[in-house]
Structures are given as C-alpha cells and as structure tokens.
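Here are the chains, one letter per residue:
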Amino acid sequence: MVKVEFFSSIEFFQVFSPEALERFAAAASVQTFMRGDHAFAEGDEAKEMFIVKSGRIAIANRNIDRESLLALMNPGDLFGEMALFDGQGRSAGARALEQSEVVVLPYASMTEELKLDPDALWAVVGLFSRRIRVADEALADSVFLDVTGRTAKRLLDIAGDSDEFQLPITQEELAGMIGASRERVNKAIAQFVRLGWMEQHERTYRIVDRKRMTNRAS
C-alpha cells in the first residue's frame, strides 16, 4: 500500500487536492526491481507511470551494440508519463541500476484527476518544460563541448554539492550518458586525476579543484 504522504511529498503532485492524493494512493502499487531488471522496454505498450521511491532507474535507448543513457531517475523523480498524453508506446527503456522501489500509478487514475481538475495540467506542462530544457542542454553540449568537457560536466552533475561521491553507474553506463566510448571517457578522467583536479579510488571520486573542473565543463 502507498501512503498519501508519499504523494504529498512529491512536488509534481502538490498541485492536486488532498482528496485526489488519497485516490492516487488507493490506485497505486509498489514494485521492487533488482539491478538490471527492466520496468519496461522501448516500444512496450504503456498503461502506467512511475515514481522512484528508492534506488536509481536509468532511462536509455539502445541499438545492437550500444546503449545511450538519457537520464538517471532518483527518489522522487517521475518517469514513463509521456505515453499518457500521446497514446504511443514507450520511447525508451527503464532499467534499475541498483535495487529500487518504484510506485506504479495507472494512467486511468491520472486521467480522471486531470478531468476533474484541469488546472493541474500546469504541473504536467512544467514537468515537460523541464525535460525539454534538459534535452536542449544535452544537445548543446554535444555540439559545443568535446568528450573531456562533457565528462567533466557529467561528473560535476553526479557530485552535486559534495566533493566526494561514488559513481552510481558503471563506466560503460557513464560513457553512454556522455555519448562517447568508455576508452575516451576513461582517458578524460585520467587526465583530471593527472592534473590534480580530481582523485579516484575505484568507484569513489573526490573533486579537488572544482573551479578548474567547472571551467573545463563550460
């Protein structure tokens, strides 16, 4: 069972009435995925959206021999909502990067609440606007930044406000997010270590010179 408090803690759902949140909680369920499990695959029929309760989910496209990681979904993030509005299949796959719990909300429940409260659609518009901004930034990075610059930017994104962090994905997955081969990404990381901008011990990283890393990422 999903508690009402879970929905009220997620920014996207805070535009809905308390009664709507209670109906969401009644309609929702929880699924647990182990690392490597798929919530859905690209092209699958879509009937529900998801909210990460714990763990991390990767949103990715892949072809025969390569995967492109489009986004990392952390606790509180929504995914799988796009098909609610265009009626098409999944545009990408969703895979657990570690043991993860996700809240599953049927599209029918969301559709009903949006009919009752059309103003809540602004929350959806806001979500899509943020997604478009992220996509625009990634496109600009692919044009204006080289692999080393994109690697620096992605590591800073993962680090957030902390200087020391653990890489939550494999180097192959990191390369997929950056849009380069693992060898080129490893070469960029080795360069940061050699220059003294970063320290690395296995999957633990520490940013030593954030200013220079930030400059390289811009």
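Definitions and cut-offs
Residues numbered from 1 in each chain as written. Predicted model: local features only at pLDDT ≥ 70, side-chain atom pairs only at ≥ 80, totals over all residues. Heavy atoms only, no water. Helix = DSSP H or I, 4+ residues; strand = E, 2+ residues; numbered from the N terminus. Rg over C-alpha atoms; globule rule 2.2 N^0.38 Å. Buried < 20%, exposed > 50% of the residue type's maximum accessible area, 1.4 Å probe, protein only. Pairing = 2+ DSSP bridges. Axes fitted to C-alpha atoms, helices over the stretch in contact; angles between N-to-C directions. 1 Å grid on protein atoms, 1.4 Å probe; cavity = no way out; pocket = protein on both sides within 12 Å on 5 of 7 lines; lining within 4 Å. Points joined across faces, edges and corners; volume = space filled by probe spheres on them. Nonpolar A, V, L, I, M, F, W, Y, C, P; charged D, E, K, R; others polar. Phe/Tyr/Trp six-rings, centres within 6.5 Å; stacked < 30°, edge-to-face > 60°. Patch = residues over 30% accessible without salt bridge, like charges linked within 9 Å, V, L, I, M, F, W, Y side chains within 5 Å. Areas by Shrake-Rupley, 256 points an atom, 1.4 Å probe, with all protein chains shown as cover. Salt bridge = Lys/Arg side-chain N within 4 Å of Asp/Glu carboxyl O.

*Asks:* I keep staring at the overall build of the protein chain and nothing clicks. Help me out?
*Replies:* Summing up its helical and strand segments, the protein chain has nine helices and eleven strands in all. On C-alpha atoms alone, the protein chain measures out to a radius of gyration of 19 Å, which is about the 17 Å that the 2.2 N^0.38 rule sets for 218 residues. Over its C-alpha atoms, taken along the principal directions, the protein chain stretches across nearly 60 × 35 × 30 Å. Looking at the protein chain as a whole, 40% of its 218 residues qualify as buried.

*Asks:* I tried to follow the sheet that holds strand E10 (residues 198-201) on my own but got confused; where do I start?
*Replies:* Two strands in a sheet stick together by hydrogen bonds in their backbones, pointing the same way (parallel) or opposite ways (antiparallel). The antiparallel open sheet is built from three strands, whose spatial order is E9-E11-E10. Two strands lie at the open edges of the sheet, namely strand E9 (164-166) and E10, each paired on one side alone. Going from strand to strand, the sheet's axes swing by 20° on average, the running direction of each strand aside. With four bridges joining them, E10 and strand E11 (residues 204-207) adopt antiparallel strand pairing. Bridged to Glu-199 within E11 is Arg-206.

*Asks:* So what exactly am I meant to see when it comes to empty space enclosed by the protein here?
*Replies:* Remark: the empty space left among the atoms is shown by a probe the size of a water molecule rolled over them. Counting across every chain of the model gives one cavity of 30 Å³ or more. In this model, the largest cavity occupies a volume close to 30 Å³. Lining the largest cavity we find Phe-12, Met-49, Glu-81, Leu-84, Phe-85, Met-110, Val-124 and Leu-127. The set of elements that each furnish at least two residues to the lining of the largest cavity consists of helix H3 (83-86) and helix H5 (121-144). Considering only residue class, the lining of the largest cavity consists of seven nonpolar, no polar and one charged.

*Asks:* Explanation requested: the packing of aromatic side chains in the structure shown.
*Replies:* To describe a pair of aromatic rings, one takes the distance between the centres and the angle between the planes. Throughout the structure, instances matching the rule amount to 14 aromatic pairs. Ring geometry for Phe-6 against Phe-7: centres 5.6 Å apart, planes inclined by 80°, an arrangement best described as edge-to-face. Owing to a relative accessible area of 0%, Phe-7 belongs among the buried residues under this scheme. Aromatic pair Phe-13 and Phe-24: ring centres 5.4 Å apart, planes at 75°, arrangement edge-to-face.

*Asks:* Looking at this structure, I do not really get a nonpolar patch on the surface. What am I missing?
*Replies:* A cluster of nonpolar side chains, contributed by Leu-139, Val-143 and Phe-144, occupies part of the molecular surface with about 380 Å² of accessible area. Judged by relative accessible area, Phe-144 falls into the exposed class, the value being 70%.

Note that every value here comes from positions in space, so none of it alone points to a role or purpose.
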